[in-house]
Amino acid sequence: MGRAYSTIAFDPAKCDGCGDCMKACAQAKTGTDDVARSRIQIYGRGDATEKDFELALCRQCADPKCVTVCPAGALNKDGTTGVIGWDASKCVDCLLCTVGCAYAGIALDETAGHVSKCDTCDGNPACVPACPHGALKYITTANIYNEVGDWEDLFAPGLAGCQGCNTELLMRHTLRRVGPDTVLATPPGCVPGMGSVGFNGTTGTKIPVFHPLLTNTAAMLAGIKRQYKRVGREVQALAIAGDGGASDVGFQSLSGAAERGEQMLFMVVDNEGYMNTGMQRSSCTPYGAWTSTTPVGETSRGKTQDAKNLPLIMVNHRCAYVATASTAYMEDLYEKLDKAIAASKTGFAYLHVYSPCTTGWRFPSNLNMEVARKAVETNFVMLWEYTPQEGLHFTKSVDNPLPVTDYLKAMGRFRHLEPEQVEHIQKKVVENQKFVERMTEHAHVG
Amino acid sequence: MDRATEHTKYLIAGSSHAALEAINAIRMHDPEGSLTVVTRDSHLPYSPTVLPYVVSGKSAPARIFLRDEDFFARNKVSYRPESALKALHADENTAELADGSTIVYEKLLLATGASPAIPPIPGIDTVSYHVLRTLDDALKLRGAIAASKQAVVLGAGLVGMHAAENLVKAGASVTIVEMSDQLTSGYFDKVAADMIEQAFRDAGAKIMTGSRVVRLEPTAAGAKLTLENGTTLAADLLLVATGVKPEMAYLNGSGVEHAQGILVDDRMQTTVTNVWAAGDCAQARGFFTGTQVMNAILPDATLQGRVAGMAMAGDPGIQEYAGGVPLNTYHFFGRHAISVGSSKVPEGGEVVTRFDEKTGHYLKAIFGADGCLSGIFGVNEFFDGGVMAQLILRRIDLTPLRDRFVANPLAVGREIMSQTWR
Ligand SMILES: Cc1cc2nc3c(=O)[nH]c(=O)nc-3n(C[C@H](O)[C@H](O)[C@H](O)COP(=O)(O)OP(=O)(O)OC[C@H]3O[C@@H](n4cnc5c(N)ncnc54)[C@H](O)[C@@H]3O)c2cc1C
Ligand code: SF4
Ligand code: SF4
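Residues numbered from 1 in each chain as written. Chains lettered and ligands numbered in written order. Predicted model: local features only at pLDDT ≥ 70, side-chain atom pairs only at ≥ 80, totals over all residues. Heavy atoms only, no water.

(A) Quick peek at the overall build of chain A. Assigned secondary structure in chain A consists of 16 helices and 16 strands. Along the first, second and third principal axes, the C-alpha set of chain A runs to 70 × 55 × 45 Å. A total of 446 residues make up chain A; the buried ones form 52% of that total. Considering chain A, the positive charge centre built from 43 side chains and the negative charge centre built from 48 side chains are found 6 Å apart. (Helix = DSSP H or I, 4+ residues; strand = E, 2+ residues; numbered from the N terminus. Buried < 20%, exposed > 50% of the residue type's maximum accessible area, 1.4 Å probe, protein only. Lys, Arg positive; Asp, Glu negative; His and termini not counted. Charge placed at Lys NZ, Arg CZ, Asp CG, Glu CD.)

Structural data, given as structure tokens:
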């Protein structure tokens, strides 16, 4: 399988044009303070009143034009790091690469008399820590994909998800991580809808899977786990359920299993509604959202109640592990998945993953991660974890959250909102944040 | 099937830029289909563009190859050097090779590039002269340069100028003879050409523009050239660099239509089914003219090779060729010149120039009546040629930014890039 690579990401909204990254690069690469020689270049817009900054930096293309036009074979993509390397001993200074690249990723260093380009400083880019505003990040999430990509995919190759849905990613990653010695419960919802329970007498997974009722997922899984234990076989008990099944009609069996400390990992894929059956509201649907049962018309303006905070309720069961996660933050998700698996060996582990729904939330299928990221950046959802030993703490704190409108306007289900409704949601976001913050202060330890 | 007749799904004639990009494109979509590359050359693939540096000694001949044997093995490509395409029988999907064998193909790409055009000067066949297109040419020329005291370069295009610089640096006395009245015409305007000319004169080269050679005769040391005005020149080394002509002699009788080059559509298909052409041998849409033109430059060869490969493999991701934009870079005596786009001023268009004689920075930008960039040329003024080409191809109206753009095309070009296609 192909490799994924680490990359330098730029967030123009955080940049104030100070140029510290360029100074750091010039120092690292040329030993001078001549920022013209920096391989990362920040440009303020012409209109100085507008605080917006532009970037020229090699993107280490998968399909690098600079390489294809180099007549000397002086440029090459490194198969391990993905970096496009420049070999000074082969370069003939013809500048053709600067004509091939559409991104100004390779340019003439007039002082040196040769072209120069970013090489990510061998995986330790000098520019990134130099940025005082966190506008540059070195994203190493690729390491996860490379590691996990080598493990066996335990889900069927083809599945019937909606285009752009991140649930497939969750299922494949989670199953790879738990491994083949697993029994999987998938109650009615998008996961079986995509094919976990299979077609024509064969399952959609390469591990035993069953399709409990919405009401009894945790109870059935607990029984199966206990039976395996009785016969002396160590298996991972795993449920992947939707928010409807977990927070509404399945709640009593979930709560019971948590309270009894059944040894399992219960993962909730929260797309804030019954999306598989036609986008009905659930108790996890947020205030104001359109669903087919909270329609938008002359009198009604979407859901009129706030969402139930299921993960906080699970904290109050004092489970062995409770955490919230987002597919926009895979490194964070993976750490939590590991901890949850470990905790499920001795007790009940609960992982709540926010899962934007392209179809039900009404946004373009290429924007799932963007929507998931905006949810976190506005504090609409918060990423934290809880153990009885260490209490609750944030794993990704958002100190200067974006206005919640940045999240709301990213999708169609909030398009109709009146200003009062937006105000209500913003107030709830602040209130939720304070609430969780207070829980971190008075972390229950014991 | 006759045992001597091989069959291949994809046949590519030529092994340079256009061919290599086509291989990539085909393998991206069809990892398995049999693929055969036949080429006239006896080496692994290399670029003609690197040859001036082989001549100067900057590039070691053993290190210029763009692919190794392993690449062909990994990509399941049968690579056959020294097997030029001799005749094409398109009605039978058959290619006849110089070694007498034939290959039946399903899809054929003609990527045979170009060869030096030899001007019909009386006596030219009686003297020995050099050209520069293949590695063998370069190695021969490199040997001759070391011994040359008095060299003449015919033609002041980029190939001739490069070689002339090498000769000057090797210590020969060099004369450049050019028919048109400026150097590097077609690439750079008069101001830029004058700067280039000055650099060559400062280095001791003789430049005779507006001069036509009417006769060539062999001498003991080499050759004697007679110019139209009666002047004679003696040369112990004569390099003919008066342009190129597409390599397509094998087309005779094949039914594939050709004019200056092999005529192709926006998917690089020729007028015959199952036959495509790309690179220096092809005559494809010109971005500025809309009609089919020759644009024999390396970046275009790669682009056309990719389009052809995708078309041959039936890749649905294909993007049709938008038309060739001239792009040239030129390094001379430690200075550089870049030209992107057309030097013709379109109707209602406008030319803006800026020239600092002290620093030798020269910039010329040409805008169309619609405010879009149509050409930009610089000497000692670095800008990102690839960004400029995108500004042209995307037809971005620069009217509101024009003054800033002309003052600093590097920064403003990048700013637009970052806002528009980053
Ligand atoms: C000295 C020099 C300097 C140059 N400098 C520049 C520059 O600075 N910038 C730029 O953009 N361009 C430059 N060029 C032009 C550039 O090299 C070409 O545009 C480019 O190489 C075209 O690639 P191609 O694949 O179409 O053909 P070519 O590179 O010409 O390759 C043709 C291939 O076909 C093979 N072949 C020929 N006839 C046959 C046949 N009958 N059967 C089978 N195989 C055959 C040849 O062996 C070769 O492998 C330069 C060219 C030269 C010679
Ligand atoms: S230099 Fe340009 S073409 Fe090359 S990898 Fe970087 S961004 Fe891509
Ligand atoms: S300047 Fe060097 S790296 Fe760039 S294309 Fe030319 S030889 Fe290759």
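(B) Representation of the site of ligand 1. In the region of ligand 1, 31 residues are neighbours, and B:Ser16, B:Thr49, B:Leu85, B:Arg133 and B:Asp280 sit closest. Taken together, the residues near ligand 1 originate from chains A and B. With respect to ligand 1, the side chain of B:Ser15 contributes an N or O atom lying 3.0 Å from an oxygen atom. In this structure, B:Ala18 approaches ligand 1 through a main-chain N or O atom, which is 3.0 Å from an oxygen atom. Top contributing element to the shell around ligand 1 by residue count: helix α7 (residues 298–313) of chain B, with 3 residues. In terms of domain composition, the shell around ligand 1 takes at least three residues from each of domain 1 (6–114 + 245–313) and domain 2 (124–242) of chain B. (Near = heavy atom within 4 Å. Polar contact = N/O pair within 3.5 Å; in protein donor to acceptor, adjacent residues only side chain to side chain. Domains from an automatic or database assignment.)

(C) Quick peek at the domain arrangement of chain B. Residues and elements named next belong to chain B. Domain assignment breaks chain B into domain 1 (6–114 + 245–313), domain 2 (124–242) and domain 3 (334–418). Using only C-alpha atoms to locate each centre, domain 1 and domain 2 end up separated by 30 Å. Every contact between the two is made by 17 residues of domain 1 and, on the other side, 12 residues of domain 2. On the domain 1 side of the interface with domain 2, the three residues burying the most area are Leu 51, Pro 52 and Val 55, jointly 38% of the side's total. There are 1 salt bridge connecting domain 1 and domain 2. Across the salt bridge formed by Arg 133 and Asp 280, the nearest N and O atoms sit 2.9 Å from each other. Where domain 1 touches domain 2, the interface holds 5 residue pairs in polar contact (both at pLDDT 80 or more). (Contact = heavy atoms within 4.5 Å. Buried area = accessible area lost by both parts, 1.4 Å probe. Salt bridge = Lys/Arg side-chain N within 4 Å of Asp/Glu carboxyl O.)

(D) Broad picture of the packing of aromatic side chains. Taken as a whole, this structure holds 11 aromatic pairs over all chains when the rule is applied. An angle of 25 degrees between the planes, with centres 6.3 Å apart, marks the rings of A:Phe266 and A:Phe348 as stacked. Taken together, the residues A:Phe266 in strand β12 (residues 264–270) and A:Phe348 in strand β14 (residues 348–354) connect sequence positions 82 residues apart. When the ring of B:Phe71 is compared with that of B:Phe72, the centres are 5.2 Å apart and the planes differ by 80 degrees; the resulting orientation is edge-to-face. You'll find B:Phe71 and B:Phe72 in the same group, each marked buried. (Phe/Tyr/Trp six-rings, centres within 6.5 Å; stacked < 30°, edge-to-face > 60°.)

(E) Structural detail: the interface of chain A and chain B. The interface is formed by 38 residues belonging to chain A together with 35 residues belonging to chain B. Counting each side, the surface lost to burial between chain A and chain B is near 3,200 Å², with a carbon and sulfur contribution of 59%. Applying the counting rule to chain A against chain B returns 3 salt bridges. Linking A:Asp93 and B:Lys58 is a salt bridge whose minimum nitrogen-to-oxygen distance equals 2.8 Å. Here chain A and chain B share 13 residue pairs in polar contact (both at pLDDT 80 or more) between them. Across the side of chain A that touches chain B, the residue classes tally to 22 nonpolar, 7 polar and 9 charged. (Nonpolar A, V, L, I, M, F, W, Y, C, P; charged D, E, K, R; others polar.)

(F) Focus on the packing of helix α5 (residues 142–149) of chain A against helix α6 (residues 167–178) of chain A. Residues and elements named next belong to chain A. Closest axis-to-axis distance for the α5/α6 pair is 10 Å, and the angle between their directions is 60 degrees. Considering their axes alone, α5 and α6 lie oblique with respect to each other. The crossing of α5 and α6 is left-handed. Where α5 abuts α6, its residues Tyr 145, Glu 147, Val 148 and Gly 149 lie against His 173, Arg 176 and Arg 177. Class assignment of the residues belonging to the contact of α5 with α6 gives a composition of 2 nonpolar, 2 polar and 3 charged. (Axes fitted to C-alpha atoms, helices over the stretch in contact; angles between N-to-C directions. Parallel < 35°, antiparallel > 145°, perpendicular 65-115°, else oblique. Left-handed = near helix turned anticlockwise from the far one by under 90°.)

(G) Fine view of unusual backbone geometry. Residues and elements named next belong to chain A. The phi angle at Gln 60 is positive, at roughly 45 degrees, despite the residue not being glycine. According to the relative accessible area criterion, Gln 60 is buried, its value standing at 14%. Even without a glycine there, the phi angle at Leu 95 is positive, about 70 degrees.

(H) Spatial organisation of the sheet that holds strand β11 (residues 236–242) of chain A. Residues and elements named next belong to chain A. Strand order in the open sheet made by the 8 strands is β10-β9-β11-β12-β14-β13-β15-β16, with mixed pairing throughout. Each edge of the open sheet is held by one strand with a lone partner, namely β10 (209–210) and β16 (391–396). Examined bridge by bridge, strand β15 (residues 383–387) and β16 share 5 bridges and lie antiparallel to one another. The residue of β16 that forms the bridge with Leu 383 is Lys 396. (Pairing = 2+ DSSP bridges.)

(I) Structural view of the pattern of salt bridges. Here the structure, examined in full by the defined rule, presents 47 salt bridges over all chains. Between A:Lys14 and A:Asp11 there is a salt bridge, with the nearest N and O atoms lying 3.8 Å from each other. Judged by relative accessible area, which is 37%, A:Lys14 ranks as partly exposed. Via salt bridges that share partners, A:Asp63, A:Lys65, B:Glu21 and B:Arg306 belong to a single interconnected network.

(J) Inspection of the site of ligand 3 at higher detail. Within the structure, ligand 3 sits among 13 residues, and A:Cys70, A:Cys91, A:Cys94, A:Leu95 and A:Cys97 are positioned closest to it. Of the residues in the shell around ligand 3, the class split is 12 nonpolar, no polar and 1 charged.

(K) A look at the sheet that holds strand β12 (residues 223–227) of chain B. All names here are of chain B. Reading across from one edge, β11-β12-β13 is the order of the 3 strands in this open sheet, with antiparallel pairing throughout. Sheet topology places β11 (213–218) and β13 (232–235) at the edges, where each strand pairs with a single neighbour. Sheet twist, expressed as the average angle between the axes of neighbouring strands with direction ignored, equals 20 degrees. Across 5 bridges, β11 lies against β12 in antiparallel orientation. Residue Arg 215 lies in a different strand from β12, and its bridge partner there is Thr 226.

(L) Spotlight on the pairing of strand β9 (residues 182–185) of chain A. All names here are of chain A. On β9, burial covers both faces: Thr 182 and Leu 184 on one face and Val 183 and Ala 185 on the other are all buried. Note: β9 against β10, 2 bridges, orientation parallel. Each residue of the ladder has a partner; that of Ala 185, found in β10, is Phe 210.

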